[in-house]
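Now for the letters of each chain:
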Amino acid sequence: MTALSPAALSLRGVSASYGGAAVLRDIDTDIPSGALSAVVGPNGAGKSTLIKAALGLVPSSRGTVRFLGQPLARVRHRVAYVPQQDAVAKDFPITAVQVVEMGRYPHRGWFRRLRAADDEAVADAMADAGVSDLARMPLDELSGGQRQRVFLARALAQHADVLILDEPFTAVDTRTEAALLGILRGLCDGGKSVIAVHHDLRTVSERFDHATLLAGTVLASGPAREVLTSAHLERAYGIPLAASRAET
Amino acid sequence: MSADAMMIIVIAGLLSTGCAILGSFLLLRRQALLPDAVSHAVLPGIVLIFLLTGQRASLVTLLGATAFGLLCVLGFDWLRRTGIVASDAALALMFPALFSLGVLGISRFASGAHIDIDSAIYGDITFAPLRTVALAGVAVPRSLLITGGAALVIVLFVVLLWRPLHTSTFDPEFAETSGLRGQVASRALLVAVAGLAVVAFDSVGAILVVTFFIVPAATARLLTHTLGAMLVVAVTVGWLASWLGQRLAVGFDSSIPGTIGLVSVALLGLALLASRVMRRSRKPATPVS
Amino acid sequence: MISWLVDALPLPYPDAVVVVGAALLGFVAGALGPFAVLRQRAMFGDAMSHATLPGVAIAFLLTGAKVPEVLLLGAALSAGLAALAMIGLNRSGKLSPDASIGVVLSISLTLGIVLLTHIAGSGNSQQAGLNTYLLGQAAGMVERDIELTLLLGVLAFACVVTFFRLLRSSIFDPGFSAVAGARTWAVDAAATGLLALAIVLGVRTVGAILMVALLVAPCVAARQLTTRLATLVPLAGVIGAVAGGIGGLASGRAELPAGPVIVLLATAFAIACVLFAPRRGVLARRWRSGPHPLVREKARPGTADHSRAEPVS
């Protein structure tokens with residue numbers, strides 16, 4: 001988090017729109033590296049759009065995006081993305097281990113065979129995410145929590161330095177959420193950066209290092225507890241809201 | 001314009017009235033392709049009734065065809081609910097199979113009779129003014145009675161069930177929990193679509209039904225912001241297309257339903273252009289916070 | 001090689017040609033179908049099949065003769081245009097995906113019908129038989145048709161094998177694949193191109209109205225029997241081939257249009273698989289009462305899902 005290491009994600013003048021309606025306007029913000037960071041804000045604030053635009057998934061977006069100080073094209077293999085569950089094809093014939101193997105594609109390209117080292121990375125990632133015993137299961141027979149662990153395993157197998165997760169804890173029970181947060185925390189302690197879109201303000205203020213509060217533009221950004229103050233939240237959500245009672 | 005030409009325009013207009021209204025609801029419910037499927041699926045019903053009774057256009061035909069239309073919708077719904085087949089694949093599985101049954105029925109048992117594949121596909125609105133029935137001593141085209149009746153029933157249906165239809169289209173869960181019986185309204189809508197698709201099938205054939213249902217509704221969606229306005233514009237577009245289409249078809253000696261369809265599509269193209277111009281002239285959206 | 005295969009079958013020559021030809025195109029359509037169905041693009045494929053009609057009609061009007069390759073080229077071009085139109089309408093954000101499909105379906109059909117009626121009225125002696133593009137015909141297939149199907153089928157197969165990993169991960173998780181460096185538009189174009197190829201090869205035998213079933217039904221059936229895409233694709237191909245071969249032969253013998261017979265066979269098999277498949281079938285699920293033992297949710301009933309609640313509530 002020092003000034004010496006470049007930000008995990010840095011946005012300058014980023015704007016994005018869907019179907020002609022502006023969702024994000026002139027975003028300037030830095031998300032530090034080596035930290036567990038959250039992107040928060042009310043529905044429609046553009047949380048998911050922000051990370052999708054950063055990852056080049058919103059065709060209409062403009063502005064400059066840097067991951068670890070570099071354009072995405074230079075550091076693709078260092079960035080892992082876990083999309084929202086609804087962005088993934090339903091009822092696709094695939095097993096858990098095949099999903100995790102995809103995490104090695106950024107290293108091996110689309111054509112080269114996976115090597116023993118890749119198999120090892122896949123096995124380690126599945127063990128870390130606690131899904132080794134599900135390797136041969138068809139994905140559509142897994143529960144929401146198990147699926148999310150498999151997708152996290154894919155990101156782990158990628159050995160990326162920046163992990164980006166879009167609403168990773170929806171359709172996940174609280175116990176799985178705590179376990180996943182523990183894994184993410186471990187990654188940050190090992191020097192990796194994690195950026196998650198999340199809407200549970202209490203979890204963010206208690207468990208995250210950094211937060212970016214969004215409502216079309218960046219309202220506040222910094223250490224989570226300093227960002228999630230009642231004054232900031234009132235501006236974002238439009239109603240009086242105490243950070244500590246956000247979830248009640 | 002001859003009386004027959006006028007009659008064709010009125011029949012097509014009445015038909016598109018019902019289609020445009022129900023099509024608007026389907027479009028908003030993301031079920032735009034349902035009438036296409038249903039209009040294909042009714043063929044075996046029509047053939048079966050013809051084989052049983054020798055009648056090709058009677059109330060029994062309507063019932064038989066509607067039954068198969070519902071069979072298609074129910075089969076589609078069942079496949080979708082099993083969670084095994086995605087909803088678009090479920091639709092693509094049901095209607096070709098039923099249409100195939102109908103085509104085989106015609107080829108095997110009914111070829112050379114008054115029912116043939118060409119009219120099942122293209123419809124025969126051109127000859128509609130010639131087939132008349134006596135009503136209070138006056139010869140009235142049968143199609144006029146059928147399409148007029150259908151339009152009336154659809155308008156009444158929507159007026160009477162406006163609230164549950166409107167609410168369940170916008171927010172199905174709210175409609176259910178607030179006691180508006182959204183599910184019942186949705187089912188009734190499907191029955192109405194099946195029945196109207198049969199009527200449309202008789203006039204314009206299996207494959208143009210989707211045009212009558214969807215294209216005016218899509219045009220209206222681009223130009224309006226409320227459901228009420230959308231229905232009015234959709235019906236107007238339907239009548240406009242019927243009138244222009246009939247005139248052009250006569251001018252170019254072309255298929256009447258086909259030309260009406262082309263005119264609807266052209267009107268949709270104009271609406272797309274118009275909505276682009278309208279958006280550009282509007283000020284950019286005001287900031288959220 | 002083809003004449004060897006045709007001669008090897010214990011059937012009269014014309015029947016053997018139909019069986020081999022229809023089975024081959026059934027294989028191609030069945031094997032390429034998953035690339036539409038798994039992307040929820042089944043009805044997209046339906047609109048593309050219908051769009052072959054105006055293409056065939058325009059190709060005929062321009063050349064004045066029924067040269068199969070020219071008509072198929074016209075069909076391919078107009079199917080491709082329809083795909084572009086649907087993607088464009090959808091991207092414009094003004095029409096939902098199903099409405100975009102419905103609109104393009106409407107354009108294709110109305111244009112097709114206006115053109116076909118125009119041709120029928122023009123008194124061109126060559127025009128008889130264009131109607132077979134609506135409902136399909138297996139009779140009249142010649143060895144040259146089989147060669148063409150084989151050539152394009154092998155090309156498509158090579159394409160699928162070479163780009164298998166890319167196709168699989170882009171269809172399964174487009175966002176992840178794009179971030180990993182896949183060109184989304186190129187994969188989209190390739191998958192749509194493969195779909196167009198399957199449709200164009202099948203449309204004369206199965207017909208524009210019913211072609212979608214030959215793409216969808218084998219895939220639905222095969223999906224019930226396997227959990228891997230690498231098995232699903234060839235298995236769907238084999239199911240399509242069986243339906244095509246048997247249907248082509250039976251329809252020729254009974255003088256029925258080929259499309260409906262092939263489609264009913266494939267659909268019946270798909271429904272049977274939906275009902276009776278060992279693991280995913282409806283009956284198997286019912287008997288198993290509740291989810292698979294491995295899958296049973298580990299969370300106890302008491303642990304409510306807090307993450308779903310909105311912060312404002």
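Coordinates for the structure precede this section.
Computed from a predicted model, the values in this text were never measured in an experiment. (Residues numbered from 1 in each chain as written. Chains lettered and ligands numbered in written order. Predicted model: local features only at pLDDT ≥ 70, side-chain atom pairs only at ≥ 80, totals over all residues. Heavy atoms only, no water.)

(A) Here's a closer look at the sheet that holds strand 4 (residues 62-67) of chain A. Residue and element names in this part refer to chain A. Ordered in space as 2-1-4, the three strands form an open sheet in which the pairing is antiparallel. Since the sheet does not close on itself, it has two edges, and those belong to strand 2 (21-31) and strand 4, each with one partner. In this sheet, adjacent strand axes meet at a mean angle of 20° when their direction is disregarded. The pairing of strand 1 (residues 9-18) with strand 4 spans five bridges and is antiparallel. Residue pairing across strands places L11 opposite V65, the latter belonging to strand 4. Docked against the sheet, helix 1 (residues 47-54) engages strand 1, strand 2 and strand 4, running at close to 115° with respect to strand 1. (Pairing = 2+ DSSP bridges. Helix = DSSP H or I, 4+ residues; strand = E, 2+ residues; numbered from the N terminus. Axes fitted to C-alpha atoms, helices over the stretch in contact; angles between N-to-C directions. Contact = heavy atoms within 4.5 Å.)

(B) Summary view of the sheet that holds strand 9 (residues 217-223) of chain A. Residue and element names in this part refer to chain A. Sheet architecture is open: six strands sit in the order 5-6-7-3-8-9, paired in mixed fashion. A strand with exactly one partner marks an edge of an open sheet, and here the two such strands are strand 5 (79-82) and strand 9. If you compare each strand with its neighbour and ignore which way they point, the axes differ by 15° on average. Of the strand pairs in this sheet, strand 5 and strand 6 (residues 162-166) are connected by four bridges, and their pairing is parallel. Looking across to strand 6, one finds that A80 is bridged to L163.

(C) Fine view of the nonpolar core. Counting residues in each nonpolar core, the largest one holds 246 residues, and the members touching the most others are L163 of chain A together with F213 of chain B. Considering each element in turn, this core owes the most residues, 13 residues, to helix 10 (residues 182-204) of chain B. If you look at the next biggest cluster of nonpolar residues, it comprises 30 residues, including V23, L50 and L55 of chain A together with V179 of chain C. (Core = buried A, V, L, I, M, F, W, Y, C linked by side-chain atoms within 4.5 Å. Buried < 20%, exposed > 50% of the residue type's maximum accessible area, 1.4 Å probe, protein only.)

(D) Geometry of helix 5 (residues 68-91) of chain C. Residues and elements named next belong to chain C. The first and last C-alpha atoms of helix 5 sit 34 Å apart over 24 residues, in line with the 34 Å expected at 1.5 Å per residue. Those residues of helix 5 that fall on the buried side of the exposure criterion are L71, L72, G74, A75, S78, A79, A82, A83, M86, I87 and L89. After helix 5 finishes, the residue G93 shows a positive phi value of roughly 75°. (Expected span 1.5 Å × (residues − 1).)

(E) Layout of the pattern of salt bridges. For the structure shown, the criterion picks out 15 salt bridges over all chains. Shared partners join several salt bridges into a network, and the residues in it are R78, D161 and K192 of chain A. (Salt bridge = Lys/Arg side-chain N within 4 Å of Asp/Glu carboxyl O.)

(F) Inspection of a negative patch on the surface at higher detail. A cluster of acidic side chains, namely D119, E120, D124 and D128 of chain A, defines a negative patch on the protein surface. Within the fold, D124 of chain A resides in helix 5 (residues 116-128). (Patch = residues over 30% accessible without salt bridge, like charges linked within 9 Å, V, L, I, M, F, W, Y side chains within 5 Å. Areas by Shrake-Rupley, 256 points an atom, 1.4 Å probe, with all protein chains shown as cover. Lys, Arg positive; Asp, Glu negative; His and termini not counted. Charge placed at Lys NZ, Arg CZ, Asp CG, Glu CD.)

(G) Fine view of unusual backbone geometry. Positive phi outside glycine occurs at H159 of chain A, with the angle close to 50°. Within the fold, H159 of chain A resides in the loop between helix 6 (144-157) and strand 6. Classification of H159 of chain A by relative accessible area gives partly exposed; the value is 46%. Residue R30 of chain B is not a glycine yet carries a positive backbone phi of 60°.

(H) Region of interest: the environment of R30 of chain B. Here R30 of chain B shows up in the loop between helix 1 (3-28) and helix 2 (34-41). The class of R30 of chain B is exposed, set by a relative accessible area of 57%. Separated by 139 residues in the primary sequence, R30 of chain B and T169 of chain B place their C-alpha atoms 9.4 Å from one another. Residue contacts for R30 of chain B: discarding those within four places in its chain leaves S96, P97 and D98 of chain C.

(I) Molecular detail of the side chain of D118 of chain A. Here D118 of chain A is to be found in helix 5. Setting aside residues no more than four positions away along its own chain, D118 of chain A makes contact with R104 and R108 of chain A.

(J) Examining the pairing of strand 1 of chain A more closely. The sheet contact formed by strand 1 of chain A and strand 2 of chain A spans seven bridges and is antiparallel. Along strand 2 of chain A, the bridge assignment pairs S10 of chain A with D30 of chain A.

(K) Geometry of the interface of chain B and chain C. Listed by partner, the interface residues are 52 residues for chain B and 55 residues for chain C. The interface formed by chain B and chain C holds zero salt bridges in total. Summed over the shared surface of chain B and chain C, the result is five residue pairs in polar contact (both at pLDDT 80 or more). Every element with two or more residues in the side of chain B that touches chain C is listed here: helix 2, helix 4 (59-81), helix 5 (87-110), helix 6 (117-122), helix 11 (209-223) and helix 13 (256-281) of chain B. Ranked by the residues each element gives to the side of chain B that touches chain C, the list is headed by helix 5 of chain B, at 15 residues. (Polar contact = N/O pair within 3.5 Å; in protein donor to acceptor, adjacent residues only side chain to side chain.)

(L) Inspection of the packing of helix 2 of chain B against helix 4 of chain B at higher detail. All names here are of chain B. One way to put it is that helix 2 packs onto helix 4 with a least axis distance of 8 Å and a crossing angle of 130°. Taken together, the axis directions place helix 2 and helix 4 in an arrangement best described as oblique. At the point where helix 2 passes helix 4, the crossing takes the right-handed sense. Between helix 2 and helix 4, the residues in contact are L34, A37, V38 and A41 and F68, G69, C72, V73 and F76, respectively. When its residues are assigned to classes, the contact of helix 2 with helix 4 shows eight nonpolar, one polar and no charged. (Parallel < 35°, antiparallel > 145°, perpendicular 65-115°, else oblique. Left-handed = near helix turned anticlockwise from the far one by under 90°. Nonpolar A, V, L, I, M, F, W, Y, C, P; charged D, E, K, R; others polar.)

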